[in-house]
Amino acid sequence: MSELPCESEPVGLFAGQHVLAELEGVSPELLDDERFLRHALGEALTQADATVLEVVSKQFEPQGVTVLALLSESHASIHTYPEVGAVFVDVFTCGTRAKPALAVQLLAEALGAASARTDMISRGHRVPALVGEEKAS
């Protein structure tokens, strides 16, 4: 990556965190509201210090929405299942500035999720700042 969101990181830092989540107990109406979902994902990522470059989405028939966010740090996505009140969330960020777990937490709150199951995977080279965050989770 030639542009970095944080000047203190070396160019090409090959390290990051990948958060995978399943949120359940969400209003089917919210999970079928493409405009709301685009906004909620963008806001959660921005508040978690990620740099949102572009957000694209697709409304499916008869229901469901997929939203993808291109980040300077990598990417994020949500795939909704209104028929069961659930959504898959995927947030991967390189470097140490963005906080993908916080982005998922904020999105869960915006959706009013009754439950959330998350897994965090450290990717790339070990970076003390990322390892310390993983242990604190």
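Right above here is the structure, for reference.
In this text, all values refer to a predicted model and were calculated from it rather than measured experimentally. All residue numbers refer to positions counted from 1 along the written sequence of the respective chain. It should be noted that, the model being predicted, local features are given only for residues of pLDDT at least 70 and side-chain atom pairs only at 80 or more, the latter also being counted only at that level, while totals for whole chains, interfaces and linings use all residues. To obtain the side-chain values, all non-hydrogen atoms of the structure were included, while hydrogens and water were left out.

1. Things to note about the pattern of salt bridges
Should a side-chain nitrogen of Lys or Arg be within 4 Å of a carboxyl oxygen of Asp or Glu, the pair is scored as a salt bridge. Scanning all chains against the criterion turns up four salt bridges. With a shortest N-O distance of 3.4 Å, Glu 22 and Arg 117 are connected by a salt bridge. You can see Glu 22 sitting in strand 1 (residues 15–24) and its partner Arg 117 sitting in strand 6 (residues 115–124), a full 95 residues away along the chain. Across the pair Lys 99 and Asp 49 runs a salt bridge whose closest N-O atoms are separated by 2.3 Å. Remark: Asp 49 occurs in the loop between helix 2 (34–47) and strand 2 (52–59) and Lys 99 occurs in the loop between strand 5 (86–94) and helix 3 (100–111); sequence separation between them is 50 residues. Any residue under 20% of the maximum accessible area for its type is buried, any over 50% is exposed, and the rest in between are partly exposed; the area is computed with a 1.4 Å probe on protein chains only. The exposure class of Lys 99 is partly exposed, given its relative accessible area of 33%. Sharing partners across several salt bridges, the network here consists of Glu 22, Arg 117 and Asp 119. Secondary structure follows DSSP: runs of H or I at least 4 residues long count as helices, runs of E at least 2 residues long count as strands, and numbering of each begins at the N terminus.

2. Some remarks on the packing of aromatic side chains
Note on aromatic pairs: the rings of Phe, Tyr and Trp (six-membered ring only in Trp) are paired at centre separations within 6.5 Å, and the planes decide the class, stacked below 30 degrees, edge-to-face beyond 60, tilted for the rest. Going through the model one piece at a time under the given rule, you end up with one aromatic pair. Measuring from ring centre to ring centre gives 5.6 Å for Tyr 81 and Phe 88, while their planes differ by 85°; the resulting arrangement is edge-to-face. The positively charged end of Lys 58 is found above the aromatic ring belonging to Phe 60, 5.9 Å away from the centroid. In our convention, an over-ring charge means Lys NZ or Arg CZ found within 6 Å of a ring centre and within 35 degrees of that ring's normal. Positioned above the aromatic ring of Phe 92 is the side chain of Arg 123, whose terminal nitrogen or guanidinium carbon lies 4.4 Å from the ring centre.

3. What to know about the nonpolar core
Only buried Ala, Val, Leu, Ile, Met, Phe, Trp, Tyr and Cys residues count toward a nonpolar core, and they belong to the same one when joined by side-chain atoms within 4.5 Å. Judged by nonpolar contacts, the single largest core of 29 residues is most densely connected at Leu 41, Leu 45, Ile 78, Val 89, Leu 107 and Leu 111. A total of six residues in this core trace back to one element, the largest contributor, which is helix 3. Here, two residues are considered to be in contact whenever any of their heavy atoms come within 4.5 Å of each other. Look past the residues within four positions of Leu 45 in its chain and what remains in contact with it is Ala 50, Val 52, Ala 69, Leu 71, Ala 76, Val 91 and Ala 103.

4. Let's talk about unusual backbone geometry
Residues Glu 61 and Pro 62 are joined by a peptide bond in cis, for which omega reads 10°. Topologically, Pro 62 is positioned in the loop between strand 2 and strand 3 (65–71). Although it is not a glycine, Asp 49 sits at a positive phi angle of roughly 65°. Taking relative accessible area as the criterion, Asp 49 reaches 28% and is therefore assigned partly exposed.

5. Describing the packing of helix 2 against helix 3
Running from N to C, helix 2 and helix 3 point in directions that differ by 145°, and their axes come no closer than 8 Å. For the pair helix 2 and helix 3, the crossing hand works out as right-handed. Where helix 2 approaches helix 3, its residues Phe 36, Leu 37, Ala 40, Leu 41, Ala 44, Leu 45 and Gln 47 are matched on the opposing element by Leu 102, Ala 103, Leu 106, Leu 107, Ala 110 and Leu 111. For the contact of helix 2 with helix 3, the per-class residue count stands at twelve nonpolar, one polar and no charged. Axis lines are fitted through C-alpha atoms, for helices just across the contact stretch, and the angle between N-to-C directions can take any value from 0 to 180 degrees. What makes a crossing left-handed is the near helix being turned counterclockwise from the far one by less than a right angle; a clockwise turn instead makes it right-handed. In the scheme used here, Gly and all other residues not listed as nonpolar or charged are polar, with Ala, Val, Leu, Ile, Met, Phe, Trp, Tyr, Cys and Pro taken as nonpolar and Asp, Glu, Lys and Arg as charged.

Don't take any of this as a statement about function, it's just geometry.
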